[in-house]
Amino acid sequence: MNIWVYVLRRLLYVVPILLGVCLIIFVLFNVVAGDPTHLLLGKHATAKQMAELRHELGLDRPWFFQYLDLVKSAFTFDFGRSWSTKQTISSMISEGAIPSLTLTIPGFVLTTVFSVSLSLLVAFYRGSFFDRFSVFICVGLMSISSLAYILFGQWFFAYYLGWFEISGYDSGFPNWVPYVQLPVLIWIILSIGPDLRFFRTIMLDEVYQDYVRTARSKGLGEKVILFKHVLKNAMIPIITYVVIQIPFLILGALLIESFFGIPGLGGITLNAINSSDFPVIRAMTVLSAVAYIIFSVITDVLYTIVDPRVRLK
Amino acid sequence: MENAQVVTANNIKEKNEQKSKSLWRHAFETLMKDKMAVMAIVIFIVYSIIALLTSVDIIAGDWAKEVGASYSPPSAENWFGTDIFGRSVVAKTLKGTQVAMSIGLFTASISAVIGIILGSIAGYYGGKVDEIIVWFYTTFSSIPGIMLLVAITFILGKGLVAVYLALGLTSWVSLCRLIRGEVIRHKDREYVHAATAIGGKDFRKLFKHILPNVLHIVIINFSLQFQVAIKSEVILSYLGLGVQGRPSWGTMIDDAKLELARGVWWQLAAATFAMFVIVLALNILGDALRDALDPKLKGK
C-alpha cells in the first residue's frame, strides 16, 4: 500500500477519536459538572443575573450547538476567556508555552541522552552486579512520590544549601537559566528511572536476536555490535517512545512548575484546577488531547517509514 | 475454586506435554526461589495486616490524641516527632497505611474488572463490538489522565470512594488493551474449538476456558496498578482532592510544603519512607511475577 494512502487513512481515523474526545470532555464539563453560574456569582445571585450570565456564556443554547463549539475550538484554538483572569485562553497558552518549554526541553533531552547511553552500558554488562544494581536503583527512584522529590529538593538544595533559586522566573534567554536549573534536575531524577528501565528492556530484546549472533560469529567485537548493530535496531522503539512524549513537553510539568513559580502551561492548569476555572481546564484538556492524537499519528507514520518490516494493512 | 478452573483449562495442554508442570505451579516455584520476591510478599502481607488492624482500631486507634507539643522533633517517646496538633507522626503513618492499601486494592480491582470485561468482549466478539470498544479506549486514553481525575473528583465530590472511583476509572485502558490482544490470540486455539464442539456457550468459553489462560496479565497488572494508585493519592491530596478528615500519606507529604521551611522534616520523612517500602516491594513483586508468569520467558 502506498504510504500516502496510509497517512490519509490514519488521518481519517482521527476524526471519530477527536469527536469522541470532545464528547467526553463536553459530558464531563458541561453536563455532569452542572451549572457554573452558582460558582461564578456566589450564593446571593438573583435569578435574573444568573439567566443573563448563562446567556453570556452561551449556556442557554441547545446542547448540540455547545458541543459543536467545543469541536470547533479543537481546530481554531479559540477557547474563550478564563473566568478568573478574564484573559483570552489562547493568549494565556501562547504566553505559557515558552516558559514550559525552557523547563521541559532541557529536562527531556538530557534524560533521553543519559538513559539511552546508560541503557547501552547496562546492556553491555547484562547479568552482572552492575546491571542488577542499576535496575534496583531505577525501581528505588520510581518508588518515591514525585511530590517528595520536589519538596525535599526545593528545601534542601535551594533553601538550605542555597545552591539554586528557590522559586521565580525571568523571561529572555540567559535570565531564565538560573531558575530552571533545579527544576530540570528534579525532572531528570523523576524520569530517569522509568526511562532507563524501558530502554534497557529494548536493548536486551535486541541483544538476543539472531543478527547479533551472526555478528558475533563473524568475529565482531562486543562494542561494535552494541553501538553499530544493536543501537541502530533499538532506535525504532526508542523513537516511538520519544516522539509520543513531545506533546507533553508543551504542556509542561504540573507540579514542578507550580512549586518553582514557573509561569508555564502546567502552572496555569494547576491554578485553574485550584480555582475551578472550567474554561481553562477544558481548553487544556482539549489542547493536550489534540496534541496527543497528532503525535500518535506522526509516531505511527514514522514507524512504518523507519521499519520496512511493518506491513501496512 | 480458582485451582479447579486452572486445572480444567490446562487439561488439554497437559495431556500433550506429559508430566509438565502447570504454569501456576512453575510460577509459584520460581517465585519462591527468588529471595527478593519473597521479601516483597512478606512486606505486602505485613502492610495488609497493619491496614486491617488499624481499621478495627487495634493499633493507632488513638492517632488523633495529643501526645506532645506542636511540632516536637523526634524523640525516644515519639520516634518521628509530632505534627502541628501534637499528634504522633508514627500513629498517623500507621493509620495512613489503611488509606493507602485500600486505595491500592479498590483502584486495582475496579480497573481490573473494567479491563477484563471490555477487553475480553472486544477480543472475543471482534467486528463492530471490537471497533466500538477500541474507539472508546483510544478516545479515553487521548485525554490526559490528570484532567480526567480532576473532572471525576469534581463530579463525585471529595472522599475516599471518589478517590477509588477516579483512580480506578482512569487506569483500565492498558489492561483492556492487553487482554483484548491475548483473547484474540487464544480464541482460535484448539481447546476453545473443543469447548465449542461439546456445546460450550460463549460466556463459558470466554470466562472458564480463555480467561484462566490470560489471568497472568491481570495479576501482573494488578500489582502495578496497586502501587501506581498509592503514588497517585499524593498528587490528589496536593490538588486538594484527596481523602479528608483522616491521615493519609498523601496529606502528610502535602503538609510538608508548609513545614519544611520551619525545619519540620519528620512528617515528610515518615510518610515517604512508609510509601517507599510498599511501592518498592510491589515493584519488585511485579517484576518477579512477570518473570515467573510470562510463558514466553519460561525456561529461560
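This one's a predicted model, so the numbers in the text were calculated from it and none came from an experiment.

### Some points on the overall build of chain B
From N to C terminus, chain B includes twelve helices and zero strands. Secondary structure elements of chain B occur, N-terminal to C-terminal, as α-α-α-α-α-α-α-α-α-α-α-α. Viewed in the frame of its principal axes, chain B has a C-alpha envelope of about 75 × 45 × 30 Å. Considering chain B as a whole, with its 300 residues, one finds that 47% of them fall into the buried category. The contacts of chain B with a sequence gap of at least 6 include a subset with a gap of at least 24, amounting to 68%.

### What to know about the nonpolar core
If you look at the biggest cluster of nonpolar residues, it comprises 141 residues, and the most contacted ones within it are Ile25(A), Leu147(A), Ile256(A), Val150(B), Ile253(B) and Leu268(B). Sorting elements by how many residues they give to this core places helix α12 (residues 266-293) of chain B first, with 17 residues. When near neighbours in sequence (up to four residues on either side) are disregarded, Ile256(A) contacts Leu103(A), Ile150(A), Pro183(A), Ile186(A) and Trp187(A). Judged by nonpolar contacts, the second largest core, of 15 residues, contains Ile192(A), Leu196(A), Val230(A) and Ala234(A).

### Regarding the interface of chain B and chain A
Taken residue by residue, the interface counts 33 residues in chain B and 32 residues in chain A. With eight residues, α12(B) is the single largest residue contributor to the side of chain B that touches chain A. Tallied by class, the residues present in the side of chain B that touches chain A amount to 24 nonpolar, six polar and three charged.

### Here's the deal with the packing of helix α13 (residues 265-274) of chain A against helix α14 (residues 278-306) of chain A
For any two helices packed against each other, one specifies the inter-axial angle together with the distance between the axes. Residues and elements named next belong to chain A. Across the interface, α13 lies against α14 with an axial gap of 8 Å and an inter-helix angle of 140 degrees. Put simply, α13 runs oblique to α14. Of the two elements, α13 crosses α14, and the hand of that crossing is left-handed. Where α13 abuts α14, its residues Leu265, Ile268, Thr269, Ala272 and Ile273 lie against Val280, Ile281 and Met284.

### With respect to the environment of Leu118(B)
All names here are of chain B. Take Leu118: it is sitting in helix α4 (residues 89-125). Of the residues examined, Leu118 has 23 C-beta atoms within 10 Å and is grouped as buried. Non-local contacts of Leu118, meaning those with residues more than four positions away in its chain, are made with Ile133 and Cys176.

What counts and what doesn't
Residues numbered from 1 in each chain as written. Chains lettered and ligands numbered in written order. Predicted model: local features only at pLDDT ≥ 70, side-chain atom pairs only at ≥ 80, totals over all residues. Helix = DSSP H or I, 4+ residues; strand = E, 2+ residues; numbered from the N terminus. Buried ≥ 20, exposed ≤ 12 C-beta atoms within 10 Å, placed from the backbone. Contact = placed C-beta atoms within 7 Å. Core = buried A, V, L, I, M, F, W, Y, C linked by C-beta atoms within 7 Å. Nonpolar A, V, L, I, M, F, W, Y, C, P; charged D, E, K, R; others polar. Axes fitted to C-alpha atoms, helices over the stretch in contact; angles between N-to-C directions. Parallel < 35°, antiparallel > 145°, perpendicular 65-115°, else oblique. Left-handed = near helix turned anticlockwise from the far one by under 90°.

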